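Residue-level structure breakdown
Here are the chains, one letter per residue:
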Amino acid sequence: MPKPSENLKKLPPYLFAELDRKIADAKAKGVDIISLGVGDPDLPTPQPIIDAMKTAVEDPSTHTYPAYKGSPNFCQSASQWMKTRFNVDVDPVNETMALIGAKEGIAHLILAYTQPGDVVLCPSPGYPVYENYTLLCGGEPYTVPLLAKNNYLPDLKAIPENVARKAKLLFLNYPNNPTGAIATDEMMLEAIEFCRKYDILLCHDNAYSEMTYDGYRAPSFLSVPGAKDVCLEMFSFSKMFNMTGWRIGFAVGNADGIKALGTIKNNTDSGAFTAIQRAATVGLERCDELTKDLNAIYGRRRDLFVEGLRKMGWDIEPMVATFYMWVPVPTGMTSEAFASLLLEKCGIVVPPGNGYGPEGEGFFRVALTANEDRLKEALQRMEDNGVTFNKLANKTACSL
Ligand SMILES: *Cc1c(COP(=O)(O)O)cnc(C)c1O
(Lines give C-alpha, C1' and ligand atoms only; values in the text may rest on other atoms or scores of the structure.)
Protein backbone atom coordinates (compact mmCIF):
# COMPACT_ATOMS: atom_id res chain seq x y z
CA MET A 1 0.00 0.00 0.00
CA PRO A 2 1.26 3.50 -0.81
CA LYS A 3 1.43 5.90 2.13
CA PRO A 4 -1.17 8.66 2.40
CA SER A 5 0.05 12.23 1.93
CA GLU A 6 2.54 13.56 4.50
CA ASN A 7 0.06 16.35 5.13
CA LEU A 8 -2.28 13.90 6.87
CA LYS A 9 0.38 13.32 9.51
CA LYS A 10 0.44 17.02 10.32
CA LEU A 11 -3.07 16.95 11.76
CA PRO A 12 -3.01 17.37 15.54
CA PRO A 13 -3.84 14.30 17.62
CA TYR A 14 -7.58 13.93 18.03
CA LEU A 15 -8.10 15.36 21.48
CA PHE A 16 -11.43 13.71 22.06
CA ALA A 17 -10.06 10.18 21.41
CA GLU A 18 -9.51 9.46 25.10
CA LEU A 19 -12.91 10.93 25.98
CA ASP A 20 -14.59 8.90 23.23
CA ARG A 21 -13.05 5.73 24.66
CA LYS A 22 -14.36 6.60 28.13
CA ILE A 23 -17.82 7.33 26.72
CA ALA A 24 -17.86 3.94 24.98
CA ASP A 25 -16.78 2.25 28.26
CA ALA A 26 -19.49 4.04 30.24
CA LYS A 27 -22.15 3.14 27.68
CA ALA A 28 -21.04 -0.50 27.74
CA LYS A 29 -21.50 -0.46 31.52
CA GLY A 30 -25.03 0.82 31.02
CA VAL A 31 -24.41 4.35 32.36
CA ASP A 32 -27.19 6.77 31.38
CA ILE A 33 -25.13 9.34 29.51
CA ILE A 34 -26.25 12.96 29.17
CA SER A 35 -24.43 14.32 26.12
CA LEU A 36 -23.77 18.04 26.06
CA GLY A 37 -20.82 17.38 23.82
CA VAL A 38 -21.42 17.61 20.10
CA GLY A 39 -22.85 20.81 18.60
CA ASP A 40 -25.68 18.91 16.98
CA PRO A 41 -29.24 20.07 17.73
CA ASP A 42 -31.50 17.47 19.38
CA LEU A 43 -34.67 19.03 17.95
CA PRO A 44 -36.16 18.17 14.53
CA THR A 45 -36.08 20.34 11.40
CA PRO A 46 -39.17 22.63 11.27
CA GLN A 47 -42.15 20.98 9.52
CA PRO A 48 -42.55 23.47 6.63
CA ILE A 49 -39.02 22.66 5.48
CA ILE A 50 -39.68 18.92 5.69
CA ASP A 51 -42.94 19.34 3.75
CA ALA A 52 -41.16 21.34 1.04
CA MET A 53 -38.53 18.60 0.81
CA LYS A 54 -41.17 15.92 0.32
CA THR A 55 -42.66 17.83 -2.59
CA ALA A 56 -39.28 18.68 -4.09
CA VAL A 57 -37.98 15.13 -4.02
CA GLU A 58 -41.09 13.91 -5.90
CA ASP A 59 -40.17 16.23 -8.76
CA PRO A 60 -37.81 14.39 -11.15
CA SER A 61 -36.26 17.66 -12.30
CA THR A 62 -34.47 17.77 -8.93
CA HIS A 63 -32.80 14.40 -9.58
CA THR A 64 -30.19 15.49 -12.10
CA TYR A 65 -26.76 16.95 -11.38
CA PRO A 66 -27.30 20.29 -9.67
CA ALA A 67 -25.66 23.48 -10.90
CA TYR A 68 -22.42 23.53 -8.87
CA LYS A 69 -23.04 27.20 -7.99
CA GLY A 70 -26.49 26.45 -6.62
CA SER A 71 -29.80 26.75 -8.43
CA PRO A 72 -30.80 30.26 -9.55
CA ASN A 73 -33.80 30.19 -7.20
CA PHE A 74 -31.71 29.25 -4.20
CA CYS A 75 -29.11 31.93 -4.91
CA GLN A 76 -31.84 34.50 -5.46
CA SER A 77 -33.42 33.52 -2.16
CA ALA A 78 -30.09 33.74 -0.30
CA SER A 79 -29.40 37.14 -1.87
CA GLN A 80 -32.88 38.39 -0.94
CA TRP A 81 -32.43 37.12 2.61
CA MET A 82 -29.13 39.02 2.94
CA LYS A 83 -31.01 42.16 1.90
CA THR A 84 -34.00 41.78 4.23
CA ARG A 85 -32.03 40.41 7.16
CA PHE A 86 -28.88 42.59 7.03
CA ASN A 87 -29.58 45.21 4.36
CA VAL A 88 -26.58 43.79 2.48
CA ASP A 89 -26.57 43.71 -1.33
CA VAL A 90 -25.03 40.63 -2.93
CA ASP A 91 -25.44 39.69 -6.56
CA PRO A 92 -27.20 36.30 -6.76
CA VAL A 93 -25.06 35.24 -9.74
CA ASN A 94 -21.50 36.38 -9.02
CA GLU A 95 -21.54 36.92 -5.27
CA THR A 96 -23.61 33.98 -4.02
CA MET A 97 -22.93 30.25 -4.00
CA ALA A 98 -24.72 27.26 -2.50
CA LEU A 99 -22.62 25.07 -0.21
CA ILE A 100 -22.91 21.49 1.02
CA GLY A 101 -22.72 22.98 4.50
CA ALA A 102 -20.43 25.75 5.75
CA LYS A 103 -17.75 23.16 6.53
CA GLU A 104 -17.49 22.28 2.85
CA GLY A 105 -17.19 25.95 1.94
CA ILE A 106 -14.50 26.59 4.55
CA ALA A 107 -12.44 23.57 3.48
CA HIS A 108 -12.70 24.33 -0.23
CA LEU A 109 -11.93 28.01 0.24
CA ILE A 110 -8.72 27.01 2.01
CA LEU A 111 -7.93 24.62 -0.84
CA ALA A 112 -8.57 27.40 -3.35
CA TYR A 113 -6.17 29.84 -1.68
CA THR A 114 -3.47 27.93 0.15
CA GLN A 115 -0.15 26.76 -1.23
CA PRO A 116 2.81 25.48 0.79
CA GLY A 117 4.28 28.42 2.71
CA ASP A 118 1.03 30.39 2.76
CA VAL A 119 -0.26 31.44 6.16
CA VAL A 120 -3.87 31.09 7.24
CA LEU A 121 -4.87 33.04 10.37
CA CYS A 122 -6.92 30.76 12.61
CA PRO A 123 -8.58 31.74 15.91
CA SER A 124 -7.92 29.68 19.04
CA PRO A 125 -10.14 28.48 20.55
CA GLY A 126 -11.94 27.92 17.28
CA TYR A 127 -13.69 25.57 14.91
CA PRO A 128 -10.97 22.97 14.16
CA VAL A 129 -11.53 22.84 10.38
CA TYR A 130 -9.77 26.18 9.74
CA GLU A 131 -6.49 24.91 11.08
CA ASN A 132 -6.78 21.28 10.04
CA TYR A 133 -7.66 21.93 6.43
CA THR A 134 -4.82 24.44 6.19
CA LEU A 135 -2.47 21.66 7.29
CA LEU A 136 -4.01 19.28 4.75
CA CYS A 137 -3.23 21.82 2.01
CA GLY A 138 0.38 22.17 3.18
CA GLY A 139 -0.23 25.70 4.48
CA GLU A 140 0.82 27.19 7.79
CA PRO A 141 -1.88 27.94 10.33
CA TYR A 142 -1.03 30.92 12.55
CA THR A 143 -2.88 31.05 15.84
CA VAL A 144 -4.87 34.17 16.64
CA PRO A 145 -5.67 33.89 20.36
CA LEU A 146 -9.18 34.72 21.53
CA LEU A 147 -8.85 35.63 25.19
CA ALA A 148 -11.42 36.18 27.91
CA LYS A 149 -9.88 39.55 28.77
CA ASN A 150 -10.62 40.71 25.20
CA ASN A 151 -14.16 39.30 25.25
CA TYR A 152 -12.84 36.60 22.89
CA LEU A 153 -12.24 39.11 20.11
CA PRO A 154 -9.00 38.87 18.07
CA ASP A 155 -6.08 41.21 18.76
CA LEU A 156 -5.05 41.74 15.13
CA LYS A 157 -2.43 44.33 16.07
CA ALA A 158 -0.48 41.58 17.81
CA ILE A 159 0.03 39.65 14.54
CA PRO A 160 3.62 40.25 13.39
CA GLU A 161 4.02 42.16 10.14
CA ASN A 162 5.93 39.33 8.40
CA VAL A 163 3.17 36.85 9.27
CA ALA A 164 0.41 39.18 8.07
CA ARG A 165 2.27 39.65 4.77
CA LYS A 166 2.36 35.89 4.16
CA ALA A 167 -1.29 35.40 5.12
CA LYS A 168 -3.90 34.57 2.48
CA LEU A 169 -6.94 34.05 4.68
CA LEU A 170 -8.26 35.20 8.05
CA PHE A 171 -11.04 33.17 9.62
CA LEU A 172 -13.40 34.73 12.13
CA ASN A 173 -16.63 33.37 13.56
CA TYR A 174 -19.17 35.49 15.49
CA PRO A 175 -21.43 34.53 17.18
CA ASN A 176 -18.57 32.29 18.20
CA ASN A 177 -18.18 28.57 18.61
CA PRO A 178 -17.03 27.61 21.25
CA THR A 179 -17.10 30.80 23.38
CA GLY A 180 -20.55 32.22 22.55
CA ALA A 181 -18.87 35.63 22.08
CA ILE A 182 -20.34 38.24 19.74
CA ALA A 183 -18.78 40.74 17.34
CA THR A 184 -18.48 44.49 17.91
CA ASP A 185 -18.71 47.10 15.13
CA GLU A 186 -15.23 48.27 16.02
CA MET A 187 -13.72 44.79 15.64
CA MET A 188 -15.47 44.19 12.31
CA LEU A 189 -14.12 47.48 10.97
CA GLU A 190 -10.65 46.70 12.22
CA ALA A 191 -10.71 43.22 10.65
CA ILE A 192 -11.80 44.60 7.29
CA GLU A 193 -9.09 47.28 7.40
CA PHE A 194 -6.46 44.74 8.44
CA CYS A 195 -7.35 42.48 5.50
CA ARG A 196 -7.34 45.42 3.10
CA LYS A 197 -3.90 46.51 4.30
CA TYR A 198 -2.32 43.07 3.96
CA ASP A 199 -4.30 41.80 0.95
CA ILE A 200 -5.98 38.99 2.90
CA LEU A 201 -9.36 37.41 2.19
CA LEU A 202 -11.48 37.55 5.35
CA CYS A 203 -13.75 34.54 5.68
CA HIS A 204 -16.44 35.20 8.23
CA ASP A 205 -18.15 32.02 9.39
CA ASN A 206 -21.64 33.16 10.37
CA ALA A 207 -23.05 29.72 11.19
CA TYR A 208 -24.83 31.04 14.32
CA SER A 209 -26.23 34.33 13.01
CA GLU A 210 -29.83 33.35 13.82
CA MET A 211 -29.29 31.54 17.11
CA THR A 212 -29.61 34.54 19.42
CA TYR A 213 -31.46 35.56 22.60
CA ASP A 214 -32.72 38.54 24.57
CA GLY A 215 -33.44 40.52 21.40
CA TYR A 216 -29.82 40.42 20.21
CA ARG A 217 -29.46 40.43 16.39
CA ALA A 218 -26.10 39.27 15.06
CA PRO A 219 -24.53 41.35 12.27
CA SER A 220 -23.13 40.40 8.88
CA PHE A 221 -19.51 41.47 8.35
CA LEU A 222 -20.65 42.46 4.85
CA SER A 223 -22.64 45.31 6.38
CA VAL A 224 -19.36 47.17 6.96
CA PRO A 225 -18.99 49.61 4.02
CA GLY A 226 -16.49 48.27 1.49
CA ALA A 227 -16.36 44.84 3.15
CA LYS A 228 -17.10 43.03 -0.09
CA ASP A 229 -13.66 44.09 -1.38
CA VAL A 230 -12.00 41.70 1.05
CA CYS A 231 -14.67 39.55 2.69
CA LEU A 232 -16.65 36.38 2.10
CA GLU A 233 -19.28 35.22 4.53
CA MET A 234 -20.51 31.65 5.04
CA PHE A 235 -23.96 30.77 6.33
CA SER A 236 -25.29 27.39 7.36
CA PHE A 237 -28.78 25.95 7.76
CA SER A 238 -27.40 23.35 10.18
CA LYS A 239 -27.77 25.19 13.46
CA MET A 240 -30.31 27.74 12.22
CA PHE A 241 -33.00 25.15 11.46
CA ASN A 242 -31.67 21.92 13.04
CA MET A 243 -30.53 20.65 9.66
CA THR A 244 -27.04 19.32 10.36
CA GLY A 245 -27.73 16.10 8.44
CA TRP A 246 -29.11 17.82 5.35
CA ARG A 247 -25.80 19.47 4.39
CA ILE A 248 -26.74 22.88 3.06
CA GLY A 249 -25.39 26.41 3.41
CA PHE A 250 -24.20 29.28 1.25
CA ALA A 251 -21.34 31.69 0.72
CA VAL A 252 -21.83 35.36 -0.16
CA GLY A 253 -19.52 38.30 -0.76
CA ASN A 254 -16.35 38.95 -2.73
CA ALA A 255 -16.84 37.83 -6.34
CA ASP A 256 -13.22 36.67 -6.83
CA GLY A 257 -13.48 34.54 -3.71
CA ILE A 258 -16.77 33.05 -4.88
CA LYS A 259 -15.26 32.32 -8.29
CA ALA A 260 -12.21 30.55 -6.85
CA LEU A 261 -14.42 28.53 -4.53
CA GLY A 262 -16.62 27.62 -7.48
CA THR A 263 -13.64 26.30 -9.46
CA ILE A 264 -12.88 23.87 -6.64
CA LYS A 265 -16.52 22.83 -6.28
CA ASN A 266 -16.98 22.37 -10.00
CA ASN A 267 -14.07 19.92 -9.95
CA THR A 268 -14.93 18.23 -6.66
CA ASP A 269 -18.52 17.89 -5.51
CA SER A 270 -20.77 19.26 -8.28
CA GLY A 271 -23.02 21.03 -5.76
CA ALA A 272 -25.86 20.39 -3.31
CA PHE A 273 -28.95 18.25 -4.08
CA THR A 274 -31.47 20.51 -5.79
CA ALA A 275 -34.38 19.23 -3.68
CA ILE A 276 -32.52 20.23 -0.51
CA GLN A 277 -31.85 23.68 -1.95
CA ARG A 278 -35.57 24.08 -2.66
CA ALA A 279 -36.57 23.04 0.85
CA ALA A 280 -33.93 25.31 2.39
CA THR A 281 -35.41 28.25 0.50
CA VAL A 282 -38.58 27.85 2.54
CA GLY A 283 -36.48 28.21 5.68
CA LEU A 284 -35.01 31.51 4.48
CA GLU A 285 -38.41 32.85 3.48
CA ARG A 286 -39.86 32.08 6.92
CA CYS A 287 -36.65 32.53 8.87
CA ASP A 288 -37.80 34.78 11.73
CA GLU A 289 -40.95 32.79 12.37
CA LEU A 290 -39.17 29.43 12.37
CA THR A 291 -36.12 30.43 14.43
CA LYS A 292 -38.20 32.28 17.05
CA ASP A 293 -39.62 29.09 18.54
CA LEU A 294 -36.28 27.28 18.49
CA ASN A 295 -34.48 30.18 20.14
CA ALA A 296 -37.14 30.37 22.84
CA ILE A 297 -36.39 26.74 23.70
CA TYR A 298 -32.61 27.26 23.76
CA GLY A 299 -33.07 30.45 25.77
CA ARG A 300 -34.96 28.58 28.51
CA ARG A 301 -32.31 25.87 28.57
CA ARG A 302 -29.60 28.53 28.87
CA ASP A 303 -31.31 30.25 31.80
CA LEU A 304 -31.78 26.96 33.60
CA PHE A 305 -28.17 25.90 33.16
CA VAL A 306 -26.65 29.27 34.00
CA GLU A 307 -28.65 29.37 37.21
CA GLY A 308 -27.60 25.82 38.08
CA LEU A 309 -23.92 26.57 37.58
CA ARG A 310 -24.20 29.80 39.57
CA LYS A 311 -25.60 27.84 42.50
CA MET A 312 -22.46 25.71 42.34
CA GLY A 313 -20.23 28.76 42.56
CA TRP A 314 -19.61 29.64 38.92
CA ASP A 315 -19.61 33.36 38.24
CA ILE A 316 -20.91 33.31 34.67
CA GLU A 317 -23.04 35.54 32.48
CA PRO A 318 -25.62 34.07 30.09
CA MET A 319 -24.45 34.21 26.44
CA VAL A 320 -26.73 36.06 23.99
CA ALA A 321 -25.97 33.83 21.00
CA THR A 322 -25.12 30.23 20.00
CA PHE A 323 -26.15 27.21 22.05
CA TYR A 324 -22.71 26.99 23.67
CA MET A 325 -21.66 27.91 27.16
CA TRP A 326 -17.93 28.38 27.62
CA VAL A 327 -17.21 27.75 31.24
CA PRO A 328 -13.97 27.85 33.26
CA VAL A 329 -13.02 24.54 34.87
CA PRO A 330 -12.70 24.48 38.67
CA THR A 331 -9.50 25.98 40.01
CA GLY A 332 -6.46 23.75 39.77
CA MET A 333 -7.86 21.32 37.21
CA THR A 334 -7.06 20.81 33.55
CA SER A 335 -9.82 20.81 30.97
CA GLU A 336 -9.34 17.14 30.26
CA ALA A 337 -9.33 16.16 33.93
CA PHE A 338 -12.59 17.98 34.54
CA ALA A 339 -14.26 16.54 31.41
CA SER A 340 -13.20 13.05 32.57
CA LEU A 341 -14.54 13.73 36.05
CA LEU A 342 -17.93 14.87 34.73
CA LEU A 343 -18.13 11.72 32.64
CA GLU A 344 -16.96 9.25 35.27
CA LYS A 345 -18.81 10.66 38.29
CA CYS A 346 -21.86 12.22 36.65
CA GLY A 347 -22.27 10.52 33.26
CA ILE A 348 -22.14 13.94 31.56
CA VAL A 349 -20.26 14.45 28.30
CA VAL A 350 -18.67 17.85 27.64
CA PRO A 351 -15.71 18.59 25.39
CA PRO A 352 -12.57 19.88 27.12
CA GLY A 353 -11.70 23.38 25.94
CA ASN A 354 -8.23 22.46 24.68
CA GLY A 355 -9.94 20.45 21.91
CA TYR A 356 -10.53 23.85 20.27
CA GLY A 357 -6.91 24.97 20.43
CA PRO A 358 -4.34 25.65 23.16
CA GLU A 359 -6.10 28.85 24.26
CA GLY A 360 -9.10 26.70 25.18
CA GLU A 361 -7.23 25.13 28.10
CA GLY A 362 -8.91 25.94 31.40
CA PHE A 363 -12.42 25.78 29.96
CA PHE A 364 -15.10 23.31 28.99
CA ARG A 365 -17.93 23.75 26.52
CA VAL A 366 -21.55 22.92 27.22
CA ALA A 367 -23.82 22.44 24.18
CA LEU A 368 -27.46 22.92 25.19
CA THR A 369 -28.53 19.90 23.15
CA ALA A 370 -30.68 18.17 25.77
CA ASN A 371 -34.16 19.04 26.98
CA GLU A 372 -34.84 20.86 30.24
CA ASP A 373 -35.49 17.68 32.22
CA ARG A 374 -32.17 16.21 31.15
CA LEU A 375 -30.36 19.46 31.89
CA LYS A 376 -31.91 19.50 35.38
CA GLU A 377 -30.82 15.91 35.82
CA ALA A 378 -27.27 16.86 34.76
CA LEU A 379 -27.17 19.70 37.29
CA GLN A 380 -28.56 17.42 40.00
CA ARG A 381 -25.88 14.84 39.34
CA MET A 382 -23.19 17.50 39.58
CA GLU A 383 -24.62 18.74 42.87
CA ASP A 384 -24.93 15.20 44.25
CA ASN A 385 -21.26 14.59 43.46
CA GLY A 386 -20.12 17.74 45.20
CA VAL A 387 -19.04 19.53 42.03
CA THR A 388 -18.48 23.21 42.74
CA PHE A 389 -16.34 25.79 41.04
CA ASN A 390 -14.18 26.52 44.08
CA LYS A 391 -14.13 23.47 46.28
CA LEU A 392 -13.87 20.70 43.76
CA ALA A 393 -10.14 21.11 43.27
CA ASN A 394 -9.29 20.13 46.88
CA LYS A 395 -11.85 17.37 47.02
CA THR A 396 -11.36 15.30 43.93
CA ALA A 397 -8.71 16.64 41.60
CA CYS A 398 -5.93 14.68 43.28
CA SER A 399 -7.62 11.36 42.71
CA LEU A 400 -7.63 11.85 38.94
C1 LIG B 1 -21.35 23.70 12.97
C2 LIG B 1 -20.36 24.67 12.43
C3 LIG B 1 -20.06 24.71 11.08
C4 LIG B 1 -20.51 23.65 10.12
O5 LIG B 1 -21.68 23.91 9.53
P6 LIG B 1 -22.23 22.93 8.41
O7 LIG B 1 -23.08 23.85 7.60
O8 LIG B 1 -23.00 21.86 9.11
O9 LIG B 1 -21.09 22.38 7.64
C10 LIG B 1 -19.20 25.71 10.62
N11 LIG B 1 -18.66 26.58 11.48
C12 LIG B 1 -18.92 26.56 12.78
C13 LIG B 1 -18.28 27.56 13.66
C14 LIG B 1 -19.75 25.59 13.30
O15 LIG B 1 -19.97 25.53 14.61
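Procedures and definitions
Residues numbered from 1 in each chain as written. Predicted model: local features only at pLDDT ≥ 70, side-chain atom pairs only at ≥ 80, totals over all residues. Heavy atoms only, no water. Near = heavy atom within 4 Å. Polar contact = N/O pair within 3.5 Å; in protein donor to acceptor, adjacent residues only side chain to side chain. Areas by Shrake-Rupley, 256 points an atom, 1.4 Å probe, with all protein chains shown as cover. 1 Å grid on protein atoms, 1.4 Å probe; cavity = no way out; pocket = protein on both sides within 12 Å on 5 of 7 lines; lining within 4 Å. Sits in = over half its atoms within 2 Å of the grid points. Nonpolar A, V, L, I, M, F, W, Y, C, P; charged D, E, K, R; others polar. Points joined across faces, edges and corners; volume = space filled by probe spheres on them. Helix = DSSP H or I, 4+ residues; strand = E, 2+ residues; numbered from the N terminus. Domains from an automatic or database assignment. Pairing = 2+ DSSP bridges. Axes fitted to C-alpha atoms, helices over the stretch in contact; angles between N-to-C directions. Parallel < 35°, antiparallel > 145°, perpendicular 65-115°, else oblique. Contact = heavy atoms within 4.5 Å. Salt bridge = Lys/Arg side-chain N within 4 Å of Asp/Glu carboxyl O. Phe/Tyr/Trp six-rings, centres within 6.5 Å; stacked < 30°, edge-to-face > 60°. Buried < 20%, exposed > 50% of the residue type's maximum accessible area, 1.4 Å probe, protein only. Core = buried A, V, L, I, M, F, W, Y, C linked by side-chain atoms within 4.5 Å. Left-handed = near helix turned anticlockwise from the far one by under 90°.

**Examining the site of the ligand**
- Around the ligand, the surrounding shell consists of Gly 101, Ala 102, Lys 103, Tyr 127, Asn 173, Asn 177, Asp 205, Tyr 208, Ser 236, Ser 238, Lys 239 and Arg 247.
- Between an oxygen atom of the ligand and a side-chain N or O atom of Asn 177, the distance comes to 2.9 Å.
- Between Arg 247 and the ligand, the recorded distance is 2.7 Å, taken from a side-chain N or O atom to an oxygen atom.
- For the ligand, the protein covers 94% of the area, taking 390 Å² as the surface of the free molecule.
- For the ligand, the cavity whose grid points lie within 2 Å of the majority of its atoms is the largest pocket.
- When the residues that make up the shell around the ligand are grouped by side-chain class, the tally is three nonpolar, five polar and four charged.

**Section: the layout of surface pockets**
- One number sums up the size of the largest pocket: a volume of about 1300 Å³.
- Contributing to the lining of the largest pocket are 50 residues, with Phe 16, Tyr 127, Pro 128, Val 129 and Tyr 356 lying nearest its centre.
- Elements that contribute at least two residues to the lining of the largest pocket include exactly helix H2 (17-28), helix H5 (102-113), strand S3 (119-124), helix H6 (129-136) and helix H9 (237-240).
- Of the residues assigned to the lining of the largest pocket, the class counts are 25 nonpolar, 16 polar and nine charged.
- Two domains each donate at least three residues to the lining of the largest pocket, and these are domain 1 (6-44 + 289-399) and domain 2 (47-287).
- By volume, the second largest pocket amounts to about 480 Å³.
- Lining the second largest pocket we find 21 residues, and of these Tyr 152, Thr 179, Ala 181, Glu 317 and Met 319 sit closest to its centre.
- The element that contributes the greatest number of residues to the lining of the second largest pocket is strand S9 (residues 324-328), accounting for four residues.
- A class-by-class count of the residues in the lining of the second largest pocket yields 15 nonpolar, four polar and two charged.

**Describing the sheet that holds strand S2 (residues 96-99)**
- Strand order in the open sheet made by the seven strands is S2-S8-S7-S6-S5-S3-S4, with mixed pairing throughout. With one partner strand each, in any of the chains shown, S2 and strand S4 (140-145) form the two edges of the open sheet. Pairs of neighbouring strands in the sheet enclose a mean axial angle of 25 degrees, with direction left out of account.
- Two strands pair when backbone bridges link them, and strand S6 (residues 201-205) and strand S7 (residues 231-236) are joined in this way by four bridges, in the parallel orientation.

**Observations concerning the packing of H2 against helix H13 (residues 335-346)**
- One can describe the packing of H2 onto H13 by two numbers: an axis separation of 10 Å at closest approach and a directional angle of 5 degrees. Classified by the angle between their axes, H2 and H13 sit roughly parallel to one another. Here H2 contributes Leu 19, Lys 22 and Ile 23 to the contact with H13, which in turn contributes Ala 339, Ser 340, Leu 343 and Glu 344.
- Class assignment for the residues of the contact of H2 with H13 results in four nonpolar, one polar and two charged.

**What to know about the domain arrangement of the chain**
- What the domain assignment reports for the chain is domain 1 (6-44 + 289-399) and domain 2 (47-287).
- Distance from the C-alpha centre of domain 1 to the C-alpha centre of domain 2: 27 Å.
- Each side of the interface is counted separately: domain 1 has 33 residues, and domain 2 has 38 residues.
- Counting the contacts that link domain 1 with domain 2 gives two salt bridges.
- A salt bridge links Glu 289 to Arg 286, with the nearest nitrogen and oxygen atoms 2.7 Å apart.

**A short note on the packing of aromatic side chains**
- One pass over the structure, following the stated rule, counts 23 aromatic pairs.
- Taking 5.6 Å as the distance between ring centres and 40 degrees as the angle between the ring planes, the aromatic pair formed by Trp 314 and Phe 389 counts as tilted. Placement of Trp 314 in the loop between helix H12 (287-311) and S9 and of Phe 389 in the loop between helix H14 (372-384) and helix H15 (392-396) is noted, with a sequence separation of 75 residues between them.
- Note on Trp 314: relative accessible area 2%, which makes it buried.

**Observations concerning the nonpolar core**
- Of all hydrophobic cores here, the largest spans 65 residues; its most connected members are Met 82, Leu 121, Phe 194, Phe 221 and Phe 250.
- For this core, the element with the highest residue contribution is helix H8 (residues 185-198), accounting for seven residues.
- Split by domain, this core shows at least three residues from each of two domains, domain 1 (6-44 + 289-399) and domain 2 (47-287).
- Among all residues touching Met 82, those that are not within four sequence positions of it are Asn 87, Val 88, Val 90, Ser 220, Leu 222, Glu 233, Phe 235, Phe 250 and Val 252.
- Core analysis: the second largest hydrophobic core is formed by 47 residues, Leu 36, Phe 305, Leu 309 and Ile 348 among them.

**Description of the packing of H5 against H6**
- For the pair H5 and H6, interaxial distance at closest approach is 9 Å and the crossing angle is 40 degrees. Judged by the sense of rotation from one axis to the other, the crossing of H5 with H6 is right-handed. On H6, the residues that touch Lys 103, Ile 106, Ala 107, Ile 110 and Leu 111 of H5 are Val 129, Tyr 130, Tyr 133 and Thr 134.
- Across the contact of H5 with H6, the residue classes break down as seven nonpolar, one polar and one charged.

**Some words on the side chain of Thr 134**
- Relative to the helices and strands, Thr 134 resides in helix H6.
- Those residues in contact with Thr 134 that lie beyond four places of it in its chain are Ile 110, Thr 114, Val 120, Cys 122, Val 129, Gly 139, Glu 140 and Pro 141.

**Let's talk about the pairing of strand S5 (residues 167-172)**
- Across the six residues of S5, five count as buried, placing the element largely inside the fold.
- In terms of strand pairing, S3 meets S5 through three bridges, oriented parallel. Bridging across to S5, Val 119 finds its partner in Ala 167.
- Sheet topology places S5 next to S6; four bridges connect them, and they run parallel. Bridging across to S6, Leu 170 finds its partner in Leu 202.

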